[in-house]
Amino acid sequence: MTNKSEMDTYFGERKGETPLGMVVGGSLSSGLLVKLDSRLSIERLAVGRYVVIQGKSGRKFFGLVTDIALDATNPDLVRQPPAPDDAFAAEVYSRQVAYGMLSVSPMLMLDPEDDQPRPNKTVPAHFAPVHEASAEDVERVFGAEDEKHLFLGTPLDMEAVHVNLDLDRFVERSSGVFGKSGTGKSFLTRILLAGIIRAGRASALIFDMHNDYGWAVKEEGGHEVKGLRQLFPGGQVSVVTLDEDTSRSRGSKVDRVLKIGTQQIEPEDVEMLSGLLGLSDVQTGALPFLRRRLGPGWIDRLLSDTPDDELEKMVEDERIVSSTLGAIQRKFEFFRRMGFLVPGAGDDAVDDIFRRLNQGSSVVLEFGRYGNTLAAYILVANYLTRRVHERYVRKMNEAVGKKADEPRPLVIVIEEAHKFLDPAVAGHTVFGNIARELRKYNVTLLIVDQRPSGIDDEVMSQIGTRVTCLLDNEADIRAVFSGVSGAGALREVLARLDTRQQALILGHAVPMPVVVRTRDYDEAFYQWLGATDDAGERKQRAKRGSEALFGE
Amino acid sequence: MTSDDKAIGRVTRCSTRGFVGAVRLPEPEWPVFGTFCRAEAQQGHSQVIGLIYDLSIEDDELARQLAATESLSPEQLADSQVNRQVPVEYRALAVGYRHGERFVQSLPPQPPLTLAPIHRLSDADVRKFTAQLDFLKLVIAVQEIPVDDLLAAALQTAAAARPESERRAYLVEAAAECARLVGRDLTRLESLVRSLRP
Ligand SMILES: Nc1ncnc2c1ncn2[C@@H]1O[C@H](COP(=O)(O)OP(=O)(O)OP(=O)(O)O)[C@@H](O)[C@H]1O
Ligand SMILES: [Mg+2]
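Reading the values: the criteria
Residues numbered from 1 in each chain as written. Chains lettered and ligands numbered in written order. Predicted model: local features only at pLDDT ≥ 70, side-chain atom pairs only at ≥ 80, totals over all residues. Heavy atoms only, no water. Salt bridge = Lys/Arg side-chain N within 4 Å of Asp/Glu carboxyl O. Helix = DSSP H or I, 4+ residues; strand = E, 2+ residues; numbered from the N terminus. Buried < 20%, exposed > 50% of the residue type's maximum accessible area, 1.4 Å probe, protein only. Pairing = 2+ DSSP bridges. Contact = heavy atoms within 4.5 Å. Axes fitted to C-alpha atoms, helices over the stretch in contact; angles between N-to-C directions. Domains from an automatic or database assignment. Core = buried A, V, L, I, M, F, W, Y, C linked by side-chain atoms within 4.5 Å. Near = heavy atom within 4 Å. Polar contact = N/O pair within 3.5 Å; in protein donor to acceptor, adjacent residues only side chain to side chain. Areas by Shrake-Rupley, 256 points an atom, 1.4 Å probe, with all protein chains shown as cover. Nonpolar A, V, L, I, M, F, W, Y, C, P; charged D, E, K, R; others polar.

## Considerations on the pattern of salt bridges
Residue and element names in this part refer to chain A. All chains considered together, the criterion is met by 43 salt bridges over all chains. For Arg-248, the salt bridge is made with Glu-244, and the minimal N-O distance between the two is 3.2 Å. On the criterion of helical spacing, the pair formed by Arg-248 and Glu-244 is a turn pair, its members being 4 residues apart in helix H7 (residues 244-249). Exposure remark for Glu-244: the relative accessible area of 32% places this residue in the partly exposed category. Arg-391 is paired through a salt bridge with Asp-351; the nearest N and O atoms lie 2.8 Å apart. With a gap of 40 residues between them, Arg-391 in helix H15 (residues 374-399) and Asp-351 in helix H14 (residues 349-358) connect regions that are remote in the sequence. Look at Arg-391 and you get buried, because its relative accessible area is 16%. Each of Arg-256, Asp-347, Asp-348, Asp-352, Arg-355 and Arg-356 takes part in a single network of salt bridges with overlapping partners.

## Observations regarding the sheet that holds strand E11 (residues 203-208) of chain A
Residue and element names in this part refer to chain A. With respect to topology, 12 strands assemble into an open sheet ordered E9-E8-E23-E22-E21-E10-E20-E19-E11-E18-E14-E15, the strand pairing being mixed. The sheet is open, and its two borders are formed by strand E9 (163-166) and strand E15 (256-257), each paired with just one other strand. Sheet topology places strand E10 (residues 175-178) next to strand E21 (residues 465-468); 4 bridges connect them, and they run parallel. Bridge pairing in E21 places Ser-175 opposite Thr-465. The sheet contacts of helix H21 (residues 487-495) involve E21, strand E22 (502-507) and strand E23 (514-518), and relative to E22 the element is tilted by about 160 degrees.

## Some thoughts on the domain arrangement of chain A
We note that the domain assignment places domain 1 (4-133) and domain 2 (263-337) within chain A. The straight-line distance from the C-alpha centre of domain 1 of chain A to that of domain 2 of chain A is 66 Å.

## Topic: the environment of A:Ile53
Residues and elements named next belong to chain A. One can find Ile-53 in strand E3 (residues 50-54). On a C-alpha basis, the gap between Ile-53 and Pro-106 in space is 9.1 Å, while along the polypeptide they are 53 residues apart. Residue contacts for Ile-53: discarding those within four places in its chain leaves Val-23, Leu-32, Arg-59, Lys-60, Phe-61, Val-104, Pro-124, Ala-128, Pro-129 and Val-130.

## A closer look at the nonpolar core
Residues and elements named next belong to chain A. In terms of nonpolar packing, the biggest core is built from 144 residues, with Leu-290 and Phe-332 touching the most fellow members. When residues in this core are grouped by element, the largest group, 12 residues, is from H15. When residues of this core are assigned to domains, at least three map to each of domain 1 (4-133) and domain 2 (263-337). In this structure, Phe-332 is in contact with Val-270, Leu-279, Leu-287, Trp-298, Ile-299, Leu-302 and Leu-303, ignoring residues within four places of it in sequence.

## Some words on the site of ligand 1
Residue and element names in this part refer to chain A. Not every one of the 18 residues close to ligand 1 is listed here, only the nearest: Ser-181, Gly-182, Lys-185, Ser-186 and Arg-519. Here an oxygen atom of ligand 1 sits 2.9 Å away from a polar atom, N or O, in the main chain of Phe-187. Separating an oxygen atom of ligand 1 from a side-chain N or O atom of Arg-500 is a distance of 3.2 Å. Relative to its unbound accessible surface of 630 Å², ligand 1 loses 86% to contact with the protein. In terms of residues, the shell around ligand 1 owes the most to one element, helix H5 (residues 185-199), which gives 4 residues. Taken together, the residues of the shell around ligand 1 break down into 3 nonpolar, 8 polar and 7 charged.

Put into structure tokens, the structure is as follows:
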């Protein structure tokens, strides 16, 4: 892209078009100040829009409008405005004395000889003209949609432009989807996962707390949308359930029922629950000892109603205080209520799940009714993740550099992530480790959370790509931007998102921060995924409906 | 406005900053405050454009006599005020010059010639000259004359020389230029803008 006309097509030919205004100040770190042309209405602008700035040297800059302000050449104007009914004066003042200012965060720059914009390292000179970016400009920046680029949404006011996410980069590091309740996190995550699965870039292990991912998801409006298992009927997605009854009654296809043998549970699996089960430090500290003394059947023995000589002896020998033991036994009663826990050695579920993942099938783990029990969610997520991760580490080490033998990249999806990654536990849980070790073992996290401030700072700073719906809590907003340079300016943008289906995407998988209206998760999306035309299925459903109605 | 051709006096004193003109005219024909006028300079190569800002009436023998008259009849008074050729002196601020067909809005290179005839600028020339607003800063820079009143009068004159449909836009533009020049003093700007309201 060396010749001039090509460059003009890159960021649009600007001749004869009135600029929005011109650069009058600012800095690389704090953003540029752009004085708005008095002929333009400030009301037409919006934060989150893009601008192209024509540098003096031929370099072009791409920036994001992060704030819009009213300013005046004379600061006294706020105290001495023209009379309210004086339209003439108002018009005169707004030509000269009063004007609009834009804060623009410079994001990318493009030299005449470059063919791709690069991150910004300087600012345009004084008085450089600033234009609104055209659809073509934005399109160029976000690249074309292809095998490894997922169309995630459209920039505000640019319905025709696709913002495409680099999927390889997205799964390369841990990423996050944030936003307060009801802003569209689960819908967005489903789109992301569908994109990843379709592109075959990685397998996903999804801890599906609220039955949002596998099958027939209830939308807020009441009607159902398809789950991943329906969208990928060809084996790319397996549903593993903890609660067969609920899954079946929802009509979900189930590929496997997960039962965990009590003998498979280790003290480390219980440790994360200590807060939720109310285990004191002393009690938690006693677990490894009990496991060692009682053997693999330790939980069964602790829960057993028949007297246990060895336990009694331990108390007698003062190896454990009787009240501590009693408290542990009482608190372990929780395990009895978990129907997916079965006494005994359990089965090969972990191996099976690992095999599925490694063969390219993503696994949706449905919690069914246990999704309402946070302790069950944390227990199972932690239990499975620890073991799957272990296998990944082993396989990765065995591959010693031979790419072909490496395990297939894995994305582990957890909701309510702050429960796993809060500063008190993140240091020593498998999730904290995965976030920190980056992609060393081809495993990364996709965390979905409405309270990012609850997540350990160090973990947060490792999150490569952040997709953020509306957040209104100050601390949460701060957390989402931790470790992001020039974040101050983006806060305004984030705080102004719509309450639903809009998101700010920043980080590793996009060339620059971008606000999108998330694409619709609808029939068109299903079709794009290549999900078979569901005329047949609709007929089926109609038939089922009439059967139910008429009892045929 | 009266016809372009008829002179409204001759230059009696001058500098590059402006000139003084004098004339004997009956009251209805006196030039008014804020009138644009022109006087030849540089042996006719250029014309200085002036903006009239100060009119004074010399006292003369007859006026003094009449004033001393015990009882002035209304007829006498009217005759003297309206019909009598009174010596009028006025000052004009140089706000530009004309070189050939071109108007330049800066101080003229030379003052007009003494006794050069002074003419009103025709409406067409007022429009042409005031299409640029650079002369405003020449006016504002002057001390010790009622600058703001002069600006208002001049710009209203310039607006009046334009078709009705263009007047408001012109005044907005002119007032905005004033705002740029005196925007630091909002009280001043406020009254200036008020006096420019169409
Ligand atoms: N991309 C989308 N396409 C269609 N509808 C959407 C989309 N995003 C959000 N919605 C609508 O917004 C509603 C809420 O979205 P979602 O359930 O994903 O929110 P959430 O952030 O996961 O909420 P919670 O924190 O309560 O789980 C959905 O039921 C749906 O109606
Ligand atoms: Mg959700």
